[in-house]
Amino acid sequence: KNEVEQSPQNLTAQEGEFITINCSYSVGISALHWLQQHPGGGIVSLFMLSSGKKKHGRLIATINIQEKHSSLHITASHPRDSAVYICAAMEYGNKLVFGAGTILRVKS
Amino acid sequence: DARVTQTPRHKVTEMGQEVTMRCQPILGHNTVFWYRQTMMQGLELLAYFRNRAPLDDSGMPKDRFSAEMPDATLATLKIQPSEPRDSAVYFCASGLVIRGTGELFFGEGSRLTVL
């Protein structure tokens, strides 16, 4: 079992839909990162969370430390949101463990 | 804008050749990571440094890979000898990580193809 599990693996949505990507981890962490990677592109850090919720534009990330679960939400999705979204857990000692990623495609 | 700079962006080499990838982290960042990304394995941590000291390189094949940080402005990842299965995109990331938290900044990656 991977230490960081993401779901779904693939997600297709219509423009305007509300999207949720889930991440569960089994290790003790100091922080959880959500990353975005566009096709052929580099990796951009969206959020770093250690508790609660963060919001940036149409993106919202939440984390429940007790349940070892985090979610990334996209409101009013747009085709430009199409990308791979990766959850990464920073273990104590700064080791970063990645989920397999969620491939999101938003159709217009 | 401060950014993580990686060179080369693309490298094609023949099996058995030595490959060196370089990373310039953002000034002031205390933690530097090397990752590898393949279609099959996704992102894998190879090694990371805190304040230039190697903390964990258990993700690297020790017999052929080596990672160093000769100074605060340069991190290197060397493969010798290279093999076709090393073909991947290699990312460097840096961050000011304090008590386990800190935003990470990724370089654009070095795409390595070993023939």
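Residues numbered from 1 in each chain as written. Chains lettered and ligands numbered in written order. Predicted model: local features only at pLDDT ≥ 70, side-chain atom pairs only at ≥ 80, totals over all residues. Heavy atoms only, no water.

Student: It is not clear to me how the pattern of salt bridges should be interpreted in this structure. Could you clarify?
Tutor: Opposite charge on two side chains permits them to pair, given that their charged atoms come into close proximity. Residue and element names in this part refer to chain B. Summed over all chains, the structure comprises seven salt bridges over all chains. In this structure, the salt-bridge partner of arginine 9 is glutamate 108, at a minimum N-O distance of 2.6 Å. Taken as a pair, arginine 9 in the loop between β1 (5–7) and β2 (10–13) and glutamate 108 in the loop between β10 (104–106) and β11 (110–114) lie far apart in primary sequence, 99 residues in all. Ionic contacts of the salt-bridge type, sharing partners, join the residues Arg64, Glu83, Arg85 and Asp86 into one network. (Salt bridge = Lys/Arg side-chain N within 4 Å of Asp/Glu carboxyl O. Helix = DSSP H or I, 4+ residues; strand = E, 2+ residues; numbered from the N terminus.)

Student: How do you make sense of the sheet that holds strand β3 (residues 19–24) of chain B when you look at a structure like this?
Tutor: Two orientations exist for strands paired in a sheet by backbone hydrogen bonds: parallel and antiparallel. Residue and element names in this part refer to chain B. One open sheet holds the four strands; their spatial order is β1-β3-β8-β7, and the pairing between them is antiparallel. The sheet terminates laterally at β1 and β7 (65–71), the two strands that pair on one side only. For this sheet, the mean angle separating the axes of adjacent strands, direction not counted, is 20°. Bridge count for β1 against β3 is three bridges, and the pairing is antiparallel. (Pairing = 2+ DSSP bridges. Axes fitted to C-alpha atoms, helices over the stretch in contact; angles between N-to-C directions.)

Student: Would you mind going over the nonpolar core with me for this structure?
Tutor: Soluble, globular proteins show a tendency: their nonpolar side chains are buried together. By size, the foremost hydrophobic cluster in this structure holds 24 residues, and its most contacted members are Val4, Ile19, Ile29, Leu32, Trp34, Leu72 and Tyr85 of chain A. Those elements that place two or more of their residues in this core are β3 (19–25), β4 (29–37), β5 (43–49), β7 (59–64), β8 (69–74), β9 (83–91) and β11 (102–107) of chain A. If sequence neighbours within four positions are ignored, valine 4 of chain A has contacts with Cys23, Ser24, Tyr25, Cys87, Ala89, Val97, Phe98 and Gly99 of chain A. Among the nonpolar cores identified, the runner-up in size contains 22 residues, and Phe65, Ala67, Leu77 and Tyr90 of chain B belong to it. (Core = buried A, V, L, I, M, F, W, Y, C linked by side-chain atoms within 4.5 Å. Buried < 20%, exposed > 50% of the residue type's maximum accessible area, 1.4 Å probe, protein only. Contact = heavy atoms within 4.5 Å.)

Student: Help me understand the sheet that holds strand β1 (residues 4–7) of chain A, please; the structure alone is not making it clear to me.
Tutor: Residues and elements named next belong to chain A. Reading across from one edge, β1-β3-β8-β7-β6 is the order of the five strands in this open sheet, with antiparallel pairing throughout. The strands lining the two open edges of the sheet, one partner per strand, are β1 and β6 (52–56). Here the strands of the sheet are splayed against their neighbours by 15° on average, with no regard to which way each runs. Pairing analysis gives six bridges linking β3 to β8, with the strands arranged antiparallel. Looking at β8, one finds that serine 24 is bridged to histidine 69.

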